[in-house]
Amino acid sequence: MSKIWANSGDSHFLEPDDLWQSRLPKKLADLCPRSEKDPDGEYETVYVDGQIFRRKLPSSALVAFVEMSMQAKGHRDATVRLGDLDQEGIWGEVIFPSLGMWASSFRTPELLKACLRVSNEWALDEIASVSPRYVVTAQVSTLVVDHAVEELQWAADKGFKAVFLPTSPHPSAPDWHRDDWEPLWAAAEEAGMVLAFHIGTDPVDVTASNSATGGAGLVYRGPGAAIMNYAETTFSGQRATMKLVASGALDRHPDLKVLISEGGATWVPFLGDRLLEGYRQHHMTVRPKLKRSPKEILFSQVYASFQHDETAVQAYDYMGYRNVMFGSDYPHMEGTFGHTQETLTSLFAGVSDETRLRITQGAFFELFPHVPPVGAESA
């Protein structure tokens, strides 16, 4: 059976743990996140930007489960990673950072700005330079709008084609639907940078003492909590999209493209219908007025990646949503590493070539036309 080649709208890379400390002046390095585990391994003390707090460490069972997602050899090595991708039938991929998940815990704007510049420079040197198949997402501060604009423009000049944004900005900053962010949207549109939101990246209270993971990803406890917490992560991407559409940000910038990674795709038609109904039925109170219908804006400017969802294919074939994109979520346990071909074969059995090629390759190449065609020798 011939291999089904796909691009991926979602993957992850683990930077060196000491990346920021090793590359920043000592005054800043001492403020970067670090932790010290207790001898018994039950708790740790975390230091970040002048804050000190204690948190309970995950259970050994959870640690073992998480480590399962690190069996992919290329999660820290961009050269080895290409072998993993070839094995799985993944060509181009969008790559999200890991250390950047700490961004919401920073309080000092200059520290966050310096850390993210270090991350971006490292990503250029260690990942982007290895292969043109990699679409590495730049990181920008969401603590200060001007800093975000400055870093986005620097990243665009260096060749980045996408910028990673959390589904909500820094807790002390205005939310995404506020006009404060207009300079960032304008800069991204002018630079042709895709806004790449990854689900589950709403800022969390890392100081939460009652959480096994410091607050990250923990909403529910008790029966069904594991499944409910997993499902909960998808909603943040939908909320971010809703804010950009309803506030008029995307309407004002029709060439701006948005990618919501790992959250599935079938929610897009539903959200389009809901926004359209609200806009139409409550038109007397709706502000701002849009030049296009919210559903048209959503369908034309927002792309959504999924891993295993059978309904995502149906969203393309039967719901009129064309910007459906496969994502492998390499190397995470929720992803398809180790069974990508089986997943693709199952998803596209009996599906037209047009549908399969659009979802596996076309939508991705539409966002990132600089990535060489599948099988190009130069890649």
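Since the structure is predicted, the reported quantities are computational estimates derived from the model, not experimental observations. (Residues numbered from 1 in each chain as written. Predicted model: local features only at pLDDT ≥ 70, side-chain atom pairs only at ≥ 80, totals over all residues. Heavy atoms only, no water.)

Enquirer: Explain the side chain of H147 here, please?
Expert: Positionally, H147 belongs in helix α6 (residues 145-157). When neighbours within four sequence positions are excluded, H147 is seen to be in contact with P109, E110, K113 and S141. (Helix = DSSP H or I, 4+ residues; strand = E, 2+ residues; numbered from the N terminus. Contact = heavy atoms within 4.5 Å.)

Enquirer: When you look at unusual backbone geometry in this model, what are you seeing that I'm missing?
Expert: Trans is the common state for peptide bonds, and a negative phi is the common state for residues other than glycine. Backbone torsion omega between R287 and P288 reads 0°, so that peptide bond is classified as cis. Here P288 shows up in the loop between α10 (267-281) and α11 (294-301). Even without being glycine, D49 reaches a positive phi, approximately 50°. The topology assignment puts D49 in the loop between β3 (43-48) and β4 (51-56). Phi is positive for D329, which is not a glycine, with a value near 60°. Positionally, D329 belongs in the loop between β11 (324-326) and α13 (340-347).

Enquirer: Could you clarify how one ought to interpret the packing of aromatic side chains in this entry?
Expert: The description of two aromatic rings rests on the distance between their centres and on the angle between their planes. In the structure shown here, the tally under the stated rule is 12 aromatic pairs. A centroid spacing of 6.0 Å and a plane angle of 85° characterise the contact between F306 and F326, whose relative ring orientation is edge-to-face. Within this pair, whereas F306 is found in strand β10 (residues 302-306), its partner F326 is found in strand β11, the two being separated by 20 residues in sequence. Just as F306 is buried, F326 falls in that class too. Taking the centre distance of 5.9 Å and the plane angle of 80° together, the rings of F364 and F365 count as edge-to-face. Through successive ring pairs, a cluster of aromatic residues spans W176, W181, W185 and F197. Here R117 stacks its cationic end above the ring of W154, 4.1 Å away from the centre of that ring. (Phe/Tyr/Trp six-rings, centres within 6.5 Å; stacked < 30°, edge-to-face > 60°. Buried < 20%, exposed > 50% of the residue type's maximum accessible area, 1.4 Å probe, protein only. Lys NZ or Arg CZ within 6 Å of the ring centre and 35° of its normal.)

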